[in-house]
Amino acid sequence: MASKNQVLEKLFFKLLPVQILIFGMNSINSIVDGTIAGRYIDGKTVGVIGLFFAIVGIVSAISSVILGGGTVLSGRYIGAGNLEKTRGVFSLCLTLAFVIGSLISIICFVFPGEVAVFCGADESLKASVMQYSRGYSFGIIPMFLSQQLASYLQLETQSRRNYIGVGAMIFFNITLDILFVTVLKLDVLGLAYATSACNWIYFLVLVPYFISGKAQMNFSISNILWEKTFDLIKIGSPGALLQFCLAMRDLTLNRVILRYGGEVGLSSRASMGMVGGFFVALGVGGGTVIRMLASVYVGEEDKDSIKSLIKLALTKMMAMMCALMVFMVLIAGPMATIFFPDKASEVYLLTKQQFMIYALALPLILVVQIQTNYLQATGNNIAVHISSVVDGYFSVVIPSLILAPVMGALGVWWATPIGIVITALVYPIYACFYWKHIPKNVDEWLLFKDSFGVKDEDRLCINVNSMDDVIGSSEQIQEFVTAKGYAKRTAYFSSLAMEEMSGNIVNHGFNADNKDHNMDVRVVSKKDGIMLRIKDDCKPFDPVGMNKLLNPEDPSKNIGIRMVSKIADEFSYQNMLGLNVLTIKIK
């Protein structure tokens, strides 16, 4: 029996806003930088920032190796209930982020000329790109570290601190841009200094929680899982490959647009780079949450939750993305005036057209994000590598090279929706090769091997919202366990353990505040016995730890917890992602 996974749905939409803000924050800051540059310096400076996006892309590529690999490894250890190894991965991620961030900072500061040439700057733009590179270098280390901390704050259910950090970063970026550019007249260097300062501000908002003693994740040199470095790189490399390909695509398209659209086309394309991230933040944020949750469910071998997760993304998130597409088309003109106020200018018309064409790609961008993040979480790295190369480079560059000589800048604009259609075909083609036939059912489309998880008939999934549900579920569990051929004693203990713990959650957890709560119960028949897993979104409560603290001389207190502890062969608890997860095994 399967039920609607209400706990998963609430958790998904609890995690999603933070991921949208984290990704959208960079776009908002870029919009602010572009607005200040276009209005208070000159139009060419917008192009300078656009050229440097290639370096930002490479930095993001390297950072995504650590972030992607760390998220998947941590998720799997959480799903397996191994908190100590999750802490080891956390320590490894921070160490790698600091070392690599330091090296890139040195390169951008010491070799700005080489950086400018690499970005494709001509002699008229080289000096400005060099200045931007040096100013930007001061904020690379905190940017690397903050990306890791922001991800782990969600595991700690500290989303509020992320919100505060994002808000502070946006506020100070606007304030410092105005101060450095309009008051101190630092021009492009001032924009770079403002970005670096904001990266430090964001980091200083996030880091106190991890040194407060309250965090489950704590950094320890002795706890670094160095042996997982290769696994981390292997898992995270597909996402990095995408970012690297995107950086190479920027370098190629910058040259194409300069040839067929001139500096006007370059400035227009740079404005898309600044605004685009804001509109794809929903898709990218959703993909990140899918990768995070799917990694946990892979660790648990929970097919039902994976199916619910993908269905949720393809229905409710898709509806949101389609609405966003319509909204972007409607405000294309006003957005173009943010950067280029003269509506009669060529650059304004090009930018408006670009925004409208790009909007058509948004629904399929979400599809691709769902596909690639799910493939990464499930370890199908070959498919992710192929998708990354196709999406990041060839699917857009090839149409651009064909269309730009005929249509000019518009050819480059149309290459984006064409390219995302091509990329979306990678997953179904890979699935056909994976099975050597067209997938016949949902399990095959999701690439579930026979060895993954348990068969449908060997598991029972129940949603509990009241004491009536608890009593009814107890009877279902007893019937299920008996039907699987277990002794009456095992069936009785299984239903009793579930009734005692679920009843305790309903009576105490559900009534602890004025919020609506949900609980999911999963019963699995394994070779060595029955496994019960109870998840709820109430306040943290550890019955396993409570049982250890109970006074043995007062057997009447918390009798339910004592009883379950005695009849269970294994009794474990963890709290991650804001969920209480209780696992009971009866052999």
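About the cut-offs
Residues numbered from 1 in each chain as written. Predicted model: local features only at pLDDT ≥ 70, side-chain atom pairs only at ≥ 80, totals over all residues. Heavy atoms only, no water. Helix = DSSP H or I, 4+ residues; strand = E, 2+ residues; numbered from the N terminus. Rg over C-alpha atoms; globule rule 2.2 N^0.38 Å. Contact = heavy atoms within 4.5 Å. Areas by Shrake-Rupley, 256 points an atom, 1.4 Å probe, with all protein chains shown as cover. Lys, Arg positive; Asp, Glu negative; His and termini not counted. Charge placed at Lys NZ, Arg CZ, Asp CG, Glu CD. Buried < 20%, exposed > 50% of the residue type's maximum accessible area, 1.4 Å probe, protein only. Polar contact = N/O pair within 3.5 Å; in protein donor to acceptor, adjacent residues only side chain to side chain. Pairing = 2+ DSSP bridges. Core = buried A, V, L, I, M, F, W, Y, C linked by side-chain atoms within 4.5 Å. Expected span 1.5 Å × (residues − 1). Bend = angle between axes of the 7 residues up to and from the residue. Phe/Tyr/Trp six-rings, centres within 6.5 Å; stacked < 30°, edge-to-face > 60°. Patch = residues over 30% accessible without salt bridge, like charges linked within 9 Å, V, L, I, M, F, W, Y side chains within 5 Å. Salt bridge = Lys/Arg side-chain N within 4 Å of Asp/Glu carboxyl O. Axes fitted to C-alpha atoms, helices over the stretch in contact; angles between N-to-C directions. Parallel < 35°, antiparallel > 145°, perpendicular 65-115°, else oblique. Nonpolar A, V, L, I, M, F, W, Y, C, P; charged D, E, K, R; others polar. pLDDT = per-residue confidence, 0-100.

J.: Looking at this structure, I do not really get the overall build of the protein. What am I missing?
T.: When helices and strands are tallied, the protein shows 21 helices and five strands. Taken over the C-alpha trace, the protein has a radius of gyration of 26 Å; the compact-globule value for 587 residues is 25 Å, and the two agree within 12%. Projected onto its principal axes, the C-alpha coordinates of the protein cover approximately 80 × 55 × 45 Å. Across the protein, the fraction of contacts at a sequence separation of at least 24, relative to all contacts at a separation of at least 6, is 77%. Element-wise, carbon and sulfur atoms account for 63% of the exposed surface of the protein, whose accessible area totals about 24600 Å². Both charge centroids of the protein, one from 48 positive and one from 44 negative side chains, sit 2 Å from each other.

J.: Is there a simple way to explain the environment of Ser271 in this structure?
T.: Topologically, Ser271 is positioned in helix H9 (residues 229-300). You can call Ser271 buried: its relative accessible area is 0%. For Ser271 and Val110, which are 161 residues apart along the polypeptide, the C-alpha to C-alpha distance reads 28 Å. Polar contacts involving the side chain of Ser271 include one to the main-chain carbonyl oxygen of Ser268, which spans 2.5 Å.

J.: I would appreciate a short explanation of the pairing of strand S2 (residues 519-526) in the present structure.
T.: The two faces of a sheet get side chains in turn, since along a regular strand they alternate between them. Burial analysis of S2 places seven of its eight residues in the buried class, the great majority of the element. Across six bridges, strand S1 (residues 459-464) lies against S2 in antiparallel orientation. Opposite Val464, over in S2, you have Met519 as the bridge partner. In this structure, S2 lies alongside strand S3 (residues 529-536), joined through eight bridges in antiparallel fashion. By the bridge assignment, Asp520 is partnered in S3 with Lys535.

J.: Which parts of the structure should I look at to understand the nonpolar core?
T.: Across soluble globular proteins, nonpolar side chains have a tendency to be buried as a group. Judged by nonpolar contacts, the single largest core of 146 residues is most densely connected at Phe12, Leu293, Met328, Phe355, Leu362 and Tyr374. Looking at this core element by element, the count peaks at 21 residues for H9. The next biggest cluster of nonpolar side chains, apart from the first, holds 30 residues, and it includes Val464, Val521, Cys538 and Leu582.

J.: So what exactly am I meant to see when it comes to unusual backbone geometry here?
T.: Across residues other than glycine, the phi torsion is negative in most instances, and most of the peptide bonds are trans. Positive phi outside glycine occurs at Asp187, with the angle close to 55 degrees. Topologically, Asp187 is positioned in helix H8 (residues 187-206). The class of Asp187 is partly exposed, set by a relative accessible area of 37%. Residues other than glycine seldom take positive phi values, yet Lys436 does so here, at roughly 65 degrees.

J.: Which parts of the structure should I look at to understand helix H14 (residues 381-407)?
T.: For H14, spanning 27 residues, the distance from its first C-alpha to its last is 37 Å, which sits close to the expected 39 Å at 1.5 Å a residue. At Val390, H14 shows its maximal kink, close to 45 degrees.

J.: What should I look at first to understand the packing of aromatic side chains in this one?
T.: Describing an aromatic ring pair means giving the distance of the ring centres and the angle of the ring planes. Applying the stated criterion to the full structure yields 16 aromatic pairs. Each ring, one from Phe52 and one from Tyr132, has its centre 5.1 Å from the other, and the planes form 70 degrees; the classification is edge-to-face. Linking Phe52 in helix H2 (residues 43-79) with Tyr132 in helix H5 (residues 123-137), this pair joins segments that are 80 residues apart in sequence. For Phe52, a relative accessible area of 1% gives the class buried. Taking relative accessible area as the criterion, Tyr132 reaches 4% and is therefore assigned buried. Geometrically, the ring pair formed by Phe90 and Phe210 is stacked, given 5.3 Å between the ring centres and 25 degrees between the ring planes. Of this pair, Phe90 sits in helix H3 (residues 83-110) while Phe210 sits in the loop between H8 and H9, placing them 120 residues apart in sequence.

J.: In this structure, what is going on with a nonpolar patch on the surface? I would like to understand it.
T.: A cluster of nonpolar side chains, contributed by Ile106, Ile107, Phe109, Val110, Phe111, Phe138, Leu179, Val183, Leu184, Leu186 and Tyr193, occupies part of the molecular surface with about 950 Å² of accessible area. Looking at the nonpolar patch, the elements with two or more residues in it are H3 and helix H7 (159-183). Top element by residues in the nonpolar patch is H3. It accounts for four residues. With respect to the element layout, Val183 can be found in helix H7.

J.: Is there a simple way to think about the packing of helix H15 (residues 409-424) against helix H16 (residues 426-435) in this case?
T.: Axes are the key here: two packed helices are described by the angle between their axes and the distance separating the axes. Where H15 meets H16, the closest approach of the two axes is 5 Å, and the angle between their N-to-C directions is 20 degrees. As the angle between them shows, H15 and H16 are arranged roughly parallel. Between H15, through Ile422, Thr423 and Ala424, and H16, the contact on the second element is made entirely by Val426, Tyr427 and Pro428. The residue inventory of the contact of H15 with H16, partitioned by class, reads five nonpolar, one polar and no charged.

J.: What is the right way to read the confidence of the model for the protein from this model?
T.: A low pLDDT score tells you not to read the predicted coordinates there in detail. Looking at the protein as a whole, the pLDDT averages 84, with 94% of positions reaching at least 70. Highest mean pLDDT in the protein belongs to H16 (94); lowest belongs to helix H20 (residues 543-549) (61).

J.: Explanation requested: the side chain of Asn254 in the structure shown.
T.: Topologically, Asn254 is positioned in helix H9. Residue classification places Asn254 among the buried positions, given a relative accessible area of 3%. Leaving out residues up to four positions away in the same chain, Asn254 has contacts with Gly50, Leu51, Cys119, Leu266 and Arg269.

J.: Could you clarify how one ought to interpret the pairing of S1 in this entry?
T.: A large share of S1 lies buried, amounting to six of its six residues. What you see with S1 is no split at all: Arg459, Cys461 and Asn463 on one side and Leu460, Ile462 and Val464 on the other are buried throughout.

J.: What is the right way to read the pattern of salt bridges from this model?
T.: Where charged atoms from two side chains of opposite charge approach closely, those side chains can pair. Counting across every chain of the model gives twelve salt bridges. Measuring nitrogen to oxygen at the nearest pair gives 2.9 Å for the salt bridge that ties Lys10 to Asp537. Here the residue Lys10 occupies a position in helix H1 (residues 6-41), and Asp537 occupies one in the loop between S3 and H20, the gap between them amounting to 527 residues. Residue classification places Lys10 among the partly exposed positions, given a relative accessible area of 33%. Lys585 is paired through a salt bridge with Glu570; the nearest N and O atoms lie 3.7 Å apart.

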